[in-house]
Amino acid sequence: MQDGLERVARIMGQLATAALWVAGAALALMTAVIAAQVVFRYGLNSSLIWSEPFAIILMGWFIFLGAAVGIREGYHLSFDILIYILPRRAKLWLFSISDMAVTGFGMGMVWFGSQLAGSAWNIKLPSLGITGAIDFAPIVGGGVLIVLFSLERLARRAAGLPTSRFGDTAEAV
Amino acid sequence: MELWVLFGTFATLLLIGTPVAFCLGISALATVIFMDLPPVVVFQRVNSGVSVFALMAIPFFIFAGELMVRGDIARRLVALAGGLVGHMRGGLGQVNISASILFGGISGSAAADASAIGGLMIPQMKERGYGVDYAVNVTVVSSIIALMIPPSHNMIIYSIAGGGRISIADLFTAGILPGLMLAVSLMVAAWLVAARRGYPTEPFPGFRALGGLLLNAVPGLLLILIIFIGVRSGVFTASESSCIAAVYALLITVFAYRTMNWSNFVAATFAAVRTTAMVLMVIGCAAAFGWLLAILKVPTTMIEVMKGFSDNPIVILLLINLLLIFLGTFMDMSPLIVITTPIFLPVATAFGVDPVHFGVIMVLNLGIGLCTPPVGAVLFVGCAVGKIGVGQVLKTIWPFYGAAFATLMLVTYIPALSLWLPSIFR
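I will try to describe carefully the structure that is included in this document.

## Topic: a nonpolar patch on the surface
All names here are of chain B.
Thinking step 1. A cluster of nonpolar side chains, namely I314, V315, L318, L322, F405, L410, Y413 and I414, defines an oily patch on the protein surface of about 640 Å² accessible area.
Thinking step 2. When residues of the nonpolar patch are traced back to their parent elements, those giving at least two are α16 (313–330) and α21 (398–413).
Thinking step 3. Among the elements that take part in the nonpolar patch, α16 stands out by supplying four residues, more than any other.
Thinking step 4. Within the fold, L322 resides in helix α16.

Take a look at the structure:
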C-alpha cells in the first residue's frame, strides 16, 4: 500500500509541478498580452480587441491550477485554532472530512463547469472568434486536479502517511 | 433557516481546517441545494467572479513585488533608510520603519515586508546590541505601513468586494497620509523604547554618501511614481498600470540592478502564482457567497440591527472596528475583506461614512490583525526571522500595538486624514 502510494506521490508531484509551470507561463503570458495592449493603444494608437478576453482566460487558468496545487502543497489560507487543541486521531478525522468536502466541490467544478461549457459551446466569442466553452475550461481543468490531489490526501492519510497542512506555508497578503 | 445553513456550514468547515476559499464555496453550494436552486449557479458565480479585468491588478502587483524582492531591492531601500534616519535615537529601529515606507511603494504585502526587511535588519540590530524582541516588534508592526502605501492590492480587493464602484485611484491616494501617520507614531514609540533601553545610534554618512544611496534606490522607487501617475491620471486602468509595473520591475532587475537571473525569475513567478491563486480563489468563491448574502438580505438586516443598537456613527464605527480587530486576530486579511465588506460597507455608508474612508479603516484595522496572535501571519514571519518565541515578543510589543491602535482611532474619527489627499487630486 505504502509503496504504491509513494509511486502515486511521484506522479502527482510531477503533475503538480507541470500545473505550476503552466500557471506560471499563463501569468507571464498574461503580463505580455496586457503590456502589448498598452503599447498598441497608447503607442500605436490601435486597440487590440482580443487582449482583454484572452488575458482573462489566462488568469482563469493560473487561478484554478494554482488553487489545485495549493491543495497538495498546503498553501491555502485556513484557520486552525480548534485543530491545535484536539487529540491527534480526532484531528486526522476532521482533516479527512474537510478533504472529502473539497473533493465534492472539485467534482462540482468538473461537472457543472462542463455543463456551463456545453451550454456555451455554440456561442462564438466575437473578440476571439472561438467557442465560448473556452471560458469554462479553466474551472473544469482546475476541478480535475483538485479532485485528484484531495483523493491523494485521503489515501495517504488512510495509509498513515503525512500530508501537508493548510496554513503551514501560508503567506499573509 | 437558509442563513443558518450558509453560516453553519461555513463555520463548521472553517473550524475543521478547510481552506477558507472552499469554506465559502462549499457553504454556498450547500445553501443553494437547500434552497432548491440549481447548483450550477454557484459555479457560474465562481467563474464570473474571477473573470473580471479589474482583478488582474492583483496578480500584476504581486508579481512586480516578487520580482523586486528577489531582485534584491530591499537591501537598497534599507541602505537608503539607514542614511536618512540612522542617526536618530533608536537608530536601526527608525531605519527599519522608514524602510517599510519605501518598501510599501514597491510591494503591498506586509508578510513580504516583514521577511525582506526583517531578514536584513534583525541580524544587524542584534549585532549592534539591540534586543531581539525590540527588533522583531519594530519589524512586525511597521510592516503594516506597506499595506497603506500604494500599490496596495488589498485596497483593490476591497474595491472589488465593495461592488467595483469604489475608485482604486482614490483608495490608493487615501492610504498615503494614514500610512505616513502610522510610520510617525511607530517612530515615536521606537524612539521612546530605545531611549529607555539606551540603544545606540548610527553616524550620519554625510550628504555625498546619502546622494549615492539615493541614486542606487531611485530606479526601484520610480516604480511607485509610475503606478501612481498611471492610476491617478486615469490614462491607464489599474490593471494596465500594474502590468507596466511588473514589466518595469523585470527590466530594472535584469538591466539596471543585474540581480535577476532565470532561476530567480522562475522563483518569483511561482511565488506570485501561489499567492495570487490563493487570494483570487477566495475572491471567486466569495462571489458565490456574497451573492447569497444579498439574496438573503443580510446587509439590510445588518443595517437594521446596527440602527437598533445605536444611531450614533461614532459608536457604530467603534463597534465595527472592535469586531474587525476581533475577527482579524483569527483570520487572514484578504478573506476577511471579501467576506465582511459586503456586510459592513452598507452599514457604514448608511451612517454616512465615505466608502473610501471605510476602506482605509478596514485595511489598517485588519493589518493590525496580521500582527496579533493566535493567527498572525506577519507576527509569525517576524518571530521566525528573529528566531524568538511569540510569547517573548508579545511581552514588549505593547507600545507598538498602542501606536498602531491610536493611529487607527485617529484615522477612523478624522475622515479628512483619508479624504483630503484624494480630494486635491480630483
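## Re the nonpolar core
Considering soluble globular proteins, one finds that nonpolar side chains tend to be buried as a cluster.
Thinking step 1. If you look at the biggest cluster of nonpolar residues, it comprises 207 residues, and the most contacted ones within it are A:F105, B:Y134 and B:F358.
Thinking step 2. When sequence neighbours within four positions are dropped, the list of residues in contact with A:F105 reads B:F22, B:G25, B:I26, B:L29, B:V42, B:F43, B:V46 and B:C285.

## Quick look at the side chain of B:N321
Residue and element names in this part refer to chain B.
Thinking step 1. Mapping N321 onto the fold places it in helix α16.
Thinking step 2. A distance of 2.7 Å separates polar atoms of two side chains, one belonging to N321 and the other to N365.
Thinking step 3. Those residues in contact with N321 that lie beyond four places of it in its chain are I361, N365, L408, M409 and T412.

## Points about unusual backbone geometry
All names here are of chain B.
Thinking step 1. Cis peptide bonds are those with omega within 30 degrees of zero, and the linkage from P150 to P151 qualifies with 0°.
Thinking step 2. On the secondary structure map, P151 appears in the loop between α9 (145–148) and α10 (153–161).
Thinking step 3. Residues other than glycine seldom take positive phi values, yet D72 does so here, at roughly 70°.
Thinking step 4. By the element assignment, D72 lies in the loop between α4 (57–70) and α5 (73–85).
Thinking step 5. Positive phi values are uncommon outside glycine, yet K387 reaches one of about 50°.
Thinking step 6. Checked against the element boundaries, K387 lands in the loop between α19 (377–386) and α20 (390–396).
Thinking step 7. The exposure class of K387 is exposed, given its relative accessible area of 72%.

## Considering the packing of aromatic side chains
Thinking step 1. With the rule as written, the count across this model stands at 18 aromatic pairs over all chains.
Thinking step 2. Between B:Y130 and B:Y134 the ring centres are 5.9 Å apart and the planes differ by 20°, which places this aromatic pair in the stacked class.
Thinking step 3. Residue B:Y134 is classed as buried on the basis of its relative accessible area, which comes to 1%.
Thinking step 4. Their ring planes at 55° and their centres at 4.9 Å tell us that B:Y134 and B:Y199 sit as a pair that is tilted. One end of the pair, B:Y134, is in helix α8 (residues 132–142); the other, B:Y199, is in the loop between α11 (168–197) and α12 (207–233), and 65 residues separate them in sequence. The two residues B:Y134 and B:Y199 agree in class, both being buried.
Thinking step 5. By way of ring pairs, the aromatic residues A:F105, A:F112, B:F22 and B:F43 are connected into one cluster.
Thinking step 6. In this arrangement the basic side chain of B:R76 is found over the ring face of B:Y257, its NZ or CZ atom lying 3.8 Å from the centre.

## Structural notes on the interface of chain A and chain B
Thinking step 1. At the interface, 52 residues of chain A touch 67 residues of chain B.
Thinking step 2. Between chain A and chain B, a total of about 5,400 Å² is buried, with carbon and sulfur atoms accounting for 80% of that surface.
Thinking step 3. Counting the contacts that link chain A with chain B gives two salt bridges.
Thinking step 4. With a closest N to O distance of 2.8 Å, B:R274 and A:E73 form a salt bridge.
Thinking step 5. Those elements that provide at least two residues to the side of chain A that touches chain B are α1 (2–43), α2 (51–73), α3 (81–85), α4 (88–119) and α5 (137–158) of chain A.

## A short note on α5(A)
All names here are of chain A.
Thinking step 1. Between its first and last C-alpha, α5 extends 32 Å over 22 residues, near the 32 Å set by a 1.5 Å rise per residue.
Thinking step 2. Across the 22 residues of α5, 16 count as buried, placing the element largely inside the fold.
Thinking step 3. Just downstream of α5 lies G160, where phi reads positive at about 80°.

About the criteria used
Residue numbers here run from 1 along each chain, matching the order of that chain's written sequence. Each chain takes a letter, starting from A, and each ligand takes a number, starting from 1, following the order in which they are written. Side-chain atom pairs in this predicted model are given and counted only at pLDDT of 80 or more, local residue features only at pLDDT of at least 70, and totals for whole chains, interfaces and linings cover all residues. Note that the side-chain values use all heavy atoms of the structure and ignore hydrogens as well as water. Grouping into patches uses exposed residues only, defined as over 30% relative accessible area, and leaves out salt-bridged ones; the cut-off is 9 Å for like charges and 5 Å for nonpolar side chains (Val, Leu, Ile, Met, Phe, Trp, Tyr). Surface accessibility in these figures is a Shrake-Rupley result with a 1.4 Å probe; residues are shielded only by whichever protein chains are displayed. Any carboxyl oxygen of Asp or Glu that lies within 4 Å of a side-chain nitrogen of Lys or Arg is treated as forming a salt bridge with it. Numbering of helices and strands runs from the N terminus; a helix is a DSSP stretch of H or I covering at least four residues, while a strand is a stretch of E covering at least two. We define a nonpolar core as any set of buried Ala, Val, Leu, Ile, Met, Phe, Trp, Tyr and Cys residues linked to one another through side-chain atoms lying within 4.5 Å. Buried, partly exposed and exposed residues are distinguished by accessible area as a fraction of the type maximum, computed with a 1.4 Å probe on protein chains only: under 20%, between the cut-offs, and over 50%, respectively. Whether two residues touch is decided by their heavy atoms; if any such pair falls within 4.5 Å, the residues are in contact. N or O atoms within 3.5 Å of each other form a polar contact, as long as, within protein, one can give a hydrogen and the other can take it, and as long as residues adjacent in sequence are counted only when both atoms are side-chain atoms. Centres within 6.5 Å are what make two rings of Phe, Tyr or Trp a pair, Trp counting through its six-membered ring; a difference in plane orientation under 30 degrees is then read as stacked, over 60 as edge-to-face, and the rest as tilted. Lysine and arginine charges are scored as sitting over a ring when NZ or CZ, respectively, is within 6 Å of the ring centre and within 35 degrees of the ring normal. Two parts placed together each lose some accessible area; with a 1.4 Å probe, that loss summed over both constitutes the buried area. Helix span is expected to be 1.5 Å times the residue number reduced by one.

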